[in-house]
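Okay, here's what each chain looks like letter by letter:
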Amino acid sequence: MRGRTAVTAAGLLALTACSTGPSLENRGAVTASPGDSHHLTIGSAGFTESDLLAQLYAQLLNQAGYKTSIITVANRELYEPALESGQIDVVPEYAATLADWLNAKTHGADAKPVGSPDLDATMKALRNLAAPRGLTVLPPGRAVDQNAFAVSADYARQHHLKTLGDLGASKLKVRLAAGDECVQRPYCEPGLMKVYGIDITGIDPKGVGTTQAKRAVQDGRDQMVLTTTTDATLDQFGLVLLADDRHLQNADYVVPVANRARAGSAGVAKALGRLNDVLTTADLADMNRQVDSWRRLPADVARTYLEDKGLLK
């Protein structure tokens, strides 16, 4: 690796103020041939999984002959404009979340969401929104980090639950540990009730996947917790995920997004595409566990994974 740079919000604002990237009217910057800079800056959003993905990208690109550095910017409101401007060249993203974010940026906060459980439709919408901004969205892989719901393993065994559909059919009353916004978000309480018929009796506002939320389910104070599909700590609390068998959640597959003018080349796409063939949701969860629970460094975890998969010499 060529080093890791932590950038403050003020620092990145100063960078992006100097160069704001292609405007929606500047079609020349968008339609020019894809660039192939051999010094690439990889962006991380500053949480464990994003750090790991940035390391995976950087190490694959290094092997392909690129020189890379990693920059950490925890705020999408800052790192996405930096990606447009070329201050950041490649960033790991999530298809549905980024599609909705760019849609709101383009059409206003009240714009109808374009992210959906349909991956193909979500990717089409995302690419249509990204291209005018000079961004190239590479193909998604198999790994997905979606909202998910977990119950205690004992509770699942007792009531024969494997899916959210099973829980709805059981007619059990469920108190859900989640964030305050769950009462309004379509993927949370309203969706669970409408799509699955789950009897949500109340929301315990302990946050999304927090230790407090998981302990509340472990102790039986709540019956279910809102978390994510790559949560690496569920087994520590005796919890198991219930499958989203009716596809309530959006298609938040991991996708690399690149600045077209600097990193839109076939070389970058080929190097990062090698990860798509192997990286799964379970792999991401396991790597998250190694960093969060075993205190291994993301760079080391990423290197071991790529070596084990035969992607790194």
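The preceding data block contains the structure.
Attention in this report is confined to the structure presented alongside it. Note that the structure is a prediction, hence the values are computed from the model and not measured. (Residues numbered from 1 in each chain as written. Predicted model: local features only at pLDDT ≥ 70, side-chain atom pairs only at ≥ 80, totals over all residues. Heavy atoms only, no water.)

**A short note on the layout of surface pockets**
Put simply, the largest pocket is a space of about 1400 Å³. Residue lining of the largest pocket: 50 residues in total, with T97, D145, N147, Y187 and D252 positioned closest to the centre. Broken down by secondary-structure element, the contributors of at least two residues to the lining of the largest pocket are α3 (48–63), α4 (76–85), β4 (90–94), α5 (95–107), α10 (211–218), β9 (224–228) and α13 (281–292). Within the lining of the largest pocket, the residues separate by chemical class into 19 nonpolar, 20 polar and 11 charged. (1 Å grid on protein atoms, 1.4 Å probe; cavity = no way out; pocket = protein on both sides within 12 Å on 5 of 7 lines; lining within 4 Å. Points joined across faces, edges and corners; volume = space filled by probe spheres on them. Helix = DSSP H or I, 4+ residues; strand = E, 2+ residues; numbered from the N terminus. Nonpolar A, V, L, I, M, F, W, Y, C, P; charged D, E, K, R; others polar.)

**Concerning the state of the cysteines**
Applying the stated rule across the entire model yields one disulfide. Each disulfide pairs two cysteine sulfurs, and for C182 the partner residue is C188, the sulfurs being separated by 1.9 Å. Taking the torsion about the sulfur-sulfur bond, which here is approximately -85°, the covalent link between C182 and C188 counts as left-handed. In this structure, C182 and C188 share a single accessibility class: buried. (Disulfide = S-S within 2.5 Å. Buried < 20%, exposed > 50% of the residue type's maximum accessible area, 1.4 Å probe, protein only.)

**Re helix α9 (residues 189–196)**
Along α9, the positions that sit buried rather than exposed are E189, G191, L192 and Y196. Those residues of α9 hidden inside the fold are in contact with β6 (147–152), α8 (164–170), β7 (173–178), β8 (199–205) and β9. Once α9 finishes, G197 follows within two positions and takes phi at roughly 70°, a positive value. (Contact = heavy atoms within 4.5 Å.)

**Examining the packing of α3 against helix α14 (residues 298–308)**
Two numbers describe how α3 lies on α14: the axes approach to 9 Å, and their chain directions differ by 55°. Relative to α14, α3 is oriented oblique. Relative to α14, the crossing made by α3 is right-handed. Residues D51, L52, Q55, L56, Q59 and L60 of α3 pack against P298, A299, V301, A302, R303, Y305 and L306 of α14. Tallied by class, the residues present in the contact of α3 with α14 amount to nine nonpolar, two polar and two charged. (Axes fitted to C-alpha atoms, helices over the stretch in contact; angles between N-to-C directions. Parallel < 35°, antiparallel > 145°, perpendicular 65-115°, else oblique. Left-handed = near helix turned anticlockwise from the far one by under 90°.)

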